[in-house]
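Descriptive analysis of the structure
The residues making up each chain are set out below.
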Amino acid sequence: MPRASTRPTSRDVAQAAGVSQAAVSLVLGDKWRGRVSETTAERVREAARTLGYRPNLAARNLRLGRTRTVLLVVPALTTEFFAGVYTGAARVAARNGFGVVLYPSPEGIGPARDPFASAEAALDGVIASSMAAEALTAIRGDQLPLVMLDSDPEGSVGAATVNLDIAEGVRQVTDHLLGLGHRRFLHLAADVASWTFEVRARELASRLRGVPGTSLRTARSPISIRGAESAAEAALAHPDRPTAVVCDDDQLAAGMYKAARRLGLRIPEDLSVTGLDDLALATAIDPELTTVRLDAELFGERGMHALLAVLDQRTPEAGDIPVDLVVRGSTGPAPSPT
């Protein structure tokens, strides 16, 4: 009878890599930094891949007192941005033997019911968007190791915060429009009480305040194309119509497009429009949208790395994630005064 194949063990990996079992545990548990060299760590990973070795997670979890499960709390998934955040977080989690449970707040933004009998018993930690922060109360997520995304570092309830450099994105948009000669601005702002949108408003106002002859009005809208269309139509009917509109989100920009067309305004000849996110929508509308690209997957990766650092009592990586202005066809020179 042929002998049944046996599952490779950490001892087999250690022998193949020429290291101790302790070194294998350090590397595959992602605790090797400062203890073994990068070359040795890669040799262990390669040996594990070649042998098809998989750690016995049940035994390890029991030994460590961990579930190796992380909850990602986001607003309702109305765009692909938070799907990208999940993809990035799950990729890093999988490399480190963790799973990620995605929890979109059912009401979008606001309180949500606890999906667990006991979140503290079911989870090792939580990554949460500031836009869904109220959902943390219901799941008692603030009593677990917590990393906040898009959150005020000075007032965060989390053990760490991970932010995109939204302020720099707004600076790039504003400088681009000023360089095109625009002086009458409209801010189509998301009607959401969240730090990330406060940053947008504060930075735009600050940037324009230092330029003589500029004006800034604000119109607020829910984050939806239909809501933005209604808010934008009312704002564009103002006698002192803007020549440039800075939108908090690409969906708001799409609503602005619809309102402009309804009023017979051409983009960008009569009105320049910018967004923020660089969703697939940005290249689906005509003209294609000038917007700020936010790397959602990198955002999720950094969030997961930060939580792993907190769990291992290490200091998470510092610094905001860079963003980039993508100039397309929706912005052009300010129209000449009539």
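Right, let's walk through the structure included here. (Residues numbered from 1 in each chain as written. Predicted model: local features only at pLDDT ≥ 70, side-chain atom pairs only at ≥ 80, totals over all residues. Heavy atoms only, no water.)

1. Notes on the sheet that holds strand E8 (residues 244-247)
Strand order in the open sheet formed by 4 strands is E7-E6-E8-E9, and the pairing between neighbours is parallel. Bordering the open sheet on either side are strand E7 (215-221) and strand E9 (272-274), each of which pairs with just one other strand. On average, each strand axis in the sheet is inclined to that of its neighbour by 20 degrees, with strand direction left out of account. Pairing of strand E6 (residues 184-190) with E8, which is carried by 4 bridges, proceeds in the parallel orientation. Of the residues in E8, the one forming a bridge with leucine 186 is valine 245. Most of the contacts of helix H9 (residues 195-209) go to E6, to which it runs at about 170 degrees, and overall it touches E6, E7 and E8. Where helix H11 (residues 250-262) meets the sheet, its contacts fall on E6, E7, E8 and E9, and the angle it forms with E6 comes to roughly 125 degrees. (Pairing = 2+ DSSP bridges. Helix = DSSP H or I, 4+ residues; strand = E, 2+ residues; numbered from the N terminus. Axes fitted to C-alpha atoms, helices over the stretch in contact; angles between N-to-C directions. Contact = heavy atoms within 4.5 Å.)

2. Re the packing of aromatic side chains
Within this structure, the stated rule accounts for 2 aromatic pairs. Between phenylalanine 81 and phenylalanine 82, the ring centres sit 5.2 Å apart and the planes meet at 85 degrees, which makes this aromatic pair edge-to-face. Phenylalanine 82 carries the same exposure label as phenylalanine 81, and that label is buried. Here the aromatic rings of phenylalanine 81 and phenylalanine 299 are separated by 6.2 Å at their centres, their planes lie at 50 degrees, and the arrangement is tilted. (Phe/Tyr/Trp six-rings, centres within 6.5 Å; stacked < 30°, edge-to-face > 60°. Buried < 20%, exposed > 50% of the residue type's maximum accessible area, 1.4 Å probe, protein only.)

3. A word on the side chain of threonine 290
Assignment of secondary structure puts threonine 290 in the loop between E9 and strand E10 (291-293). With relative accessibility at 0%, the residue threonine 290 sits in the buried group. Once you skip the residues sitting within four places of it in the chain, threonine 290 turns out to touch His176, Val273, Thr274, Gly275, Leu325, Val326, Val327, Arg328, Gly329, Ser330 and Thr331.

4. Side note on the environment of glycine 275
One can find glycine 275 in the loop between E9 and E10. For glycine 275, a relative accessible area of 2% gives the class buried. If we ignore the near neighbours within four places in the chain, the residues touching glycine 275 are Cys247, Asp249, Asp250, Ala253, Leu289, Thr290, Thr291 and Val292.

5. With respect to the environment of alanine 237
Position of alanine 237 relative to the elements: it lies in the loop between helix H10 (225-236) and E8. For alanine 237, a relative accessible area of 58% puts it in the exposed group. Alanine 237 sits 26 residues away from leucine 263 along the chain, and the two C-alpha atoms are 8.5 Å apart.

6. Some thoughts on helix H8 (residues 166-179)
In a regular helix each residue adds 1.5 Å, so 14 residues correspond to 20 Å; H8 covers 20 Å between its end C-alpha atoms and thus fits that length. Taken as a whole, H8 has its buried residues at Ile166, Ala167, Gly169, Val170, Val173, Thr174, His176, Leu177 and Leu178. In this fold, the buried residues of H8 make contact with E6, H9, E8, E9, E10 and strand E11 (324-326). Within two residues after H8, glycine 181 carries a phi angle of roughly 95 degrees, on the positive side. (Expected span 1.5 Å × (residues − 1).)

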